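Single-letter residue listing:
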Amino acid sequence: MTKLLKIDTHIAKLIKLETDRQKDVLEMIPSENYASTAVREAVGSILTNKYSEGYASRRYYQGNRYVDEIELIAVERAKKLFGTPHANVQPYSGSPANSAVYFALLAPGAKIMGLKLSAGGHLTHGHPDVTFSGHYYKTVQYNVEPNGIIDMNKAETQAKSEKPDMIVVGTTAYPRNLDWKRWRKIADQTGSLVLADISHIAGLISAGVLESPVPYVDVVMFTTHKTMRGPRGAVILVTEKGFKRDPDMGKKIDKAIFPGLQGGPHDNVTAGIAVCFKEAETAAFRNYAKQVLVNAKLLSDVLQKEGLTITTGGTDNHLMVIDLRPQKVIGNIVAEALEVANIVVNYNTVPHDSNPPMYPSGIRLGTPAITTRGMKEREMKKIGKWISLVIQEVVHYRLPEAKEERNKFVKNVNGEVWKNKKLLGLGKEVRTFARKFPLP
Ligand code: DSN
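Residues numbered from 1 in each chain as written. Predicted model: local features only at pLDDT ≥ 70, side-chain atom pairs only at ≥ 80, totals over all residues. Heavy atoms only, no water.

S.K.: If you had to explain the site of the ligand to someone new, which residues and values would you point to?
M.R.: Neighbouring residues of the ligand: Ser31, His122, Thr172, His200, Lys226 and Arg364. In this structure, an oxygen atom belonging to the ligand sits 2.6 Å away from a side-chain N or O atom of histidine 200. Protein contact buries 64% of the 230 Å² of open area that the ligand shows by itself. By residue class, the composition of the shell around the ligand is no nonpolar, four polar and two charged. (Near = heavy atom within 4 Å. Polar contact = N/O pair within 3.5 Å; in protein donor to acceptor, adjacent residues only side chain to side chain. Areas by Shrake-Rupley, 256 points an atom, 1.4 Å probe, with all protein chains shown as cover. Nonpolar A, V, L, I, M, F, W, Y, C, P; charged D, E, K, R; others polar.)

Next up, the structure:
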């Protein structure tokens, strides 16, 4: 970054500091990962200079002969990797991709049924209050049981009584497999379209270690920067089933992305997406995906042996949620204390959490990024013990009953944990350990 250092020293220095931070910590937010150097070279390339509104051979700008080829390669690789007849690689990210699917296939006011945010769904899956998906559509939300698992019989009863136009099957904090086949059966009885949001698990599905929804659903979308390990972006796929239901589904999705919602695609990102799909075709990536699952399962076993509660009692995928209600400490404080120890997670609601989302009772963590750095079973055992140690260190902090005291309480405790000698000492140990596993 020699030029950047000259032109804008401040930004260059901050990027350098962030690079060091990424090297120093165990990145365990399950939606984060490390893109390869090849992906980052594509994203940082001169393709950022180009405008190419439209689609290959149908652009509104001249000079797109190479961009056309790049986008077509990305589309063909997506189709091949997931086995679908149609792919759109232009969505800027997950929320725009979900918006486009709704705009393309639903009339305003249509009914969407999606998993509740607090149960591990996503805001755009029909949160009734704070997103477009709840404002411009009628929404009905399904929930998990107190054990954290979706009861498919209940989901079926709810769908039959609500008759949603679209069922969204997808999660951001759900550690169990999704029953694609059963959802299809339900949707066939209610006449609903099915959208699979596989943002978290796309890389694991493409590698064949988790079941693909493609044979069962109409549309699939995913972000490309999580387990897919590409740049920040998203893809929408239309399946054979989708085309059978509506032969124009592909065209409708494309039109909803451009000109419906977006302007010019980010061609540098499209190139990065093409590269990550090429990487995903390799045996090395398939081995990576297998190891992500092995690591997650082992880590959840170790944490449970340490006496911690994992929602649903374990994991089938790359993530887990620790329920801190038995310890009576909130996720915010544990997440901050873990950061002092150089372990980075996010605080999260647990199923049927009685605490508000600002002060939830859990933390969410996963293995995609640490597995990219080459960590395996031996390392999971160490990490599980460290996490448990950190929780023990902050277990005595109790959220005040009075709402007006809570914000100040969290601020004060967070200030205290950054002075905690034990946590700071552990932070040094974790940093030395993390540095042994280079970033791509
Ligand atoms: N922000 C993503 C996650 O962390 O799961 C979902 O969009």
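S.K.: So what about the sheet that holds strand 5 (residues 111-115)? Which residues, and what values?
M.R.: Strand order in the open sheet formed by seven strands is 4-10-9-8-7-5-6, with mixed pairing between adjacent strands. The two strands at the open ends of the sheet, each matched to only one other strand, are strand 4 (86-88) and strand 6 (138-142). Put simply, the sheet's adjacent strands are angled 20° from each other on average, direction ignored. (Pairing = 2+ DSSP bridges. Helix = DSSP H or I, 4+ residues; strand = E, 2+ residues; numbered from the N terminus. Axes fitted to C-alpha atoms, helices over the stretch in contact; angles between N-to-C directions.)

S.K.: Describe the pairing of strand 9 (residues 219-223), listing the residues and the values that go with them.
M.R.: With five of its five residues buried, strand 9 lies for the most part within the structure. In terms of strand pairing, strand 8 (residues 193-197) meets strand 9 through three bridges, oriented parallel. Its bridge partner being in strand 9, aspartate 197 is matched across the sheet by methionine 221. Here strand 9 runs beside strand 10 (residues 234-238); their pairing, made up of five bridges, is antiparallel. Note that in strand 10 the partner of phenylalanine 222 across the bridge is valine 235. (Buried < 20%, exposed > 50% of the residue type's maximum accessible area, 1.4 Å probe, protein only.)

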